[in-house]
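Listed below, chain by chain, are the residues.
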Amino acid sequence: MKRVLSWLRDALPSTRRRWVGVGMLTEYPVESVRCVMVRGTAVAVFHSERGLQAIADVCAHLGASLSEGVLHDDGYVECPAHTMRFCLRTGECPESPMYTGRIYPTRVRDGRVFIQA
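These numbers were taken from a predicted model, which means no experiment stands behind them.

1. Regarding the pattern of salt bridges
A pair can form between side chains of opposite charge whenever their charged atoms are brought close.
Inference 1: With the rule as written, the count across this model stands at three salt bridges.
Inference 2: R85 is the salt-bridge partner of D74, the closest N and O atoms lying 3.4 Å from each other. Pair noted here: D74 is in the loop between strand 5 (70-71) and strand 6 (76-78) and R85 is in strand 7 (residues 85-87), with a separation of 11 residues, a long-range link.
Inference 3: By relative accessible area, which is 39% here, D74 ends up partly exposed.
Inference 4: Notably, a salt bridge pairs E95 with R85, separated by 2.8 Å at the nearest N-O pair. With E95 in the loop between strand 7 and strand 8 (103-104) and R85 in strand 7, this pair connects stretches of sequence that are 10 residues apart.
Inference 5: Among the residues examined, E95 registers a relative accessible area of 38% and is labelled partly exposed.
Inference 6: Here the residues in one salt-bridge network are D74, R85 and E95, joined through shared partners.

What counts, and at which threshold
- Residues numbered from 1 in each chain as written.
- Predicted model: local features only at pLDDT ≥ 70, side-chain atom pairs only at ≥ 80, totals over all residues.
- Heavy atoms only, no water.
- Salt bridge = Lys/Arg side-chain N within 4 Å of Asp/Glu carboxyl O.
- Helix = DSSP H or I, 4+ residues; strand = E, 2+ residues; numbered from the N terminus.
- Buried < 20%, exposed > 50% of the residue type's maximum accessible area, 1.4 Å probe, protein only.

And the structure:
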């Protein structure tokens with residue numbers, strides 16, 4: 001049993017969330033999007049008048065890159081592969097609630113951008 005638990009611990013990613021630095025705020029101009037790797041996962045970071053918001057860079061429906069999608073003024077990103085939208089605050093998809101994007105908290109400290117993952 002110990003071997004199985006040890007294997008699971010090593011095989012599964014850590015569930016402990018940490019703040020990971022992903023660059024300087026100057027690298028994220030307002031009205032831009034940037035895809036960054038955070039602990040092995042692609043994350044789309046949108047900078048708008050709402051501030052910095054991050055979501056997994058994969059459409060929960062078709063797997064397209066959300067960083068290539070359209071950011072709307074209402075805080076939703078539209079998938080480039082179809083018209084499904086994902087809320088950057090909650091990850092919810094109003095067109096189909098069964099699909100939800102993973103949201104990552106963001107913060108800025110001393111001019112550096114951090115994502116909790």
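On we go from here.
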